[in-house]
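# Observations on the model geometry
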Amino acid sequence: MADLDPERFTLRQAAQARDDFAQVMDELDFVKQQLARLPTRRDQAFTPLRIMLGSAVLSATLVIGWIELFWRHCF
């Protein structure tokens, strides 16, 4: 860093460096946003559990509903 004397740069070079830095920061913010959207380990761990419980509740509801309809119409 000692060999980079800021007084050596022209205004055009300084503006270009500033623009490059701003572009890198924008890309970094974009990457941070994308990483924040990824599911966490906890989400990945509980997803199969939610699916199992949801399918069990749905299956039980369908079976109970079918039995209720069957018993009421046949007997």
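Shown above is the structure to which this text applies.
Residues numbered from 1 in each chain as written. Predicted model: local features only at pLDDT ≥ 70, side-chain atom pairs only at ≥ 80, totals over all residues. Heavy atoms only, no water.

## Comments concerning the overall build of the chain
Summing up its helical and strand segments, the chain has two helices and zero strands in all. The buried share among the 75 residues of the chain stands at 0%. When the accessible surface of the chain is split by element, carbon and sulfur atoms take 65% of a total near 7500 Å². (Helix = DSSP H or I, 4+ residues; strand = E, 2+ residues; numbered from the N terminus. Buried < 20%, exposed > 50% of the residue type's maximum accessible area, 1.4 Å probe, protein only. Areas by Shrake-Rupley, 256 points an atom, 1.4 Å probe, with all protein chains shown as cover.)

## Things to note about the packing of aromatic side chains
Two measures describe an aromatic ring pair: the distance that separates the ring centres and the angle between the ring planes. A full pass over the atoms with the stated rule returns one aromatic pair. A ring pair is formed by Trp66 and Phe70, whose centres lie 5.4 Å apart and whose planes are at 10°; its orientation type is stacked. Placement of the pair is Trp66 and Phe70 together in helix α2 (residues 41-74), with a separation of four residues, close to one helical turn. Its relative accessible area of 56% is what places Trp66 among the exposed residues. (Phe/Tyr/Trp six-rings, centres within 6.5 Å; stacked < 30°, edge-to-face > 60°.)

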